[in-house]
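Coordinate inspection notes
Here is how the chains run, residue by residue.
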Amino acid sequence: MNLRFPDPEQRAAIAAAAKHEGVSMQEYILSAAYARATAVEQRFLDGFEQSMARSGAAFAAEPSSADPGPEERAAEQKALQELEHQERGHAA
């Protein structure tokens, strides 16, 4: 890893922080980058979770045309039974 810093004060501050943590500058910088990346990831996942909750609530609030009613469920059951009966007849 190339640790060139255009600002000597920035390098000194990072070196002091790394020394305080008892790690090398490379390890300190990598740890900080990892912590920042995982914080961004967690923020994204939290937002996604909130979005899913809002979407779920919106779908639950209104009945959908995709949700079958009792008549449709009965018709589906009847069609499945007829299909199974036909399949048994062909298998025999």
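All figures in this text were calculated on a predicted structure; none of them were measured in a lab.

**Notes on the overall build of the protein**
On a plain count of helices and strands, the protein comes out with 3 helices and 0 strands. Starting at the N terminus and walking to the C terminus, you meet the elements of the protein as α-α-α. Across the 92 residues of the protein, 4% fall into the buried class. For the protein, the exposed surface amounts to about 8,200 Å²; the carbon and sulfur share of it is 56%.

**Side note on helix α1 (residues 8–21)**
Helix length check: α1 (14 residues) gives 20 Å between terminal C-alpha atoms against 20 Å at 1.5 Å per residue, within 8%. One side-chain oxygen at the N-terminal end of α1 lies 3.0 Å from the backbone nitrogen of Glu9; it belongs to Asp7. Positioned one or two residues after α1, Gly22 has a phi angle of 75°, which is positive.

Calculation rules
- Sequence positions are assigned chain by chain, starting from 1 and proceeding in written order.
- For a predicted model such as this one, the threshold for reporting local features is a pLDDT of at least 70, and the threshold for listing and counting side-chain atom pairs is 80 or more; totals across whole chains, interfaces and linings nevertheless cover every residue.
- With hydrogens and water excluded, all non-hydrogen atoms of the structure serve as input to the side-chain values.
- Each helix corresponds to a stretch of at least 4 residues labelled H or I by DSSP, and each strand to a stretch of at least 2 residues labelled E; elements are numbered beginning at the N terminus.
- Buried residues are those whose accessible area, probed at 1.4 Å on protein chains only, stays under 20% of the maximum for their type, while exposed residues exceed 50% and partly exposed ones sit between those limits.
- For the accessible areas, the method is Shrake-Rupley and the probe is 1.4 Å, while residue cover comes only from the protein chains on display.
- A helix is expected to span 1.5 Å multiplied by its residue count minus one.
- We call two N or O atoms a polar contact when they sit within 3.5 Å, provided that within protein one can donate a hydrogen and the other can accept it, with sequence-adjacent residues counted only if both atoms are side-chain atoms.

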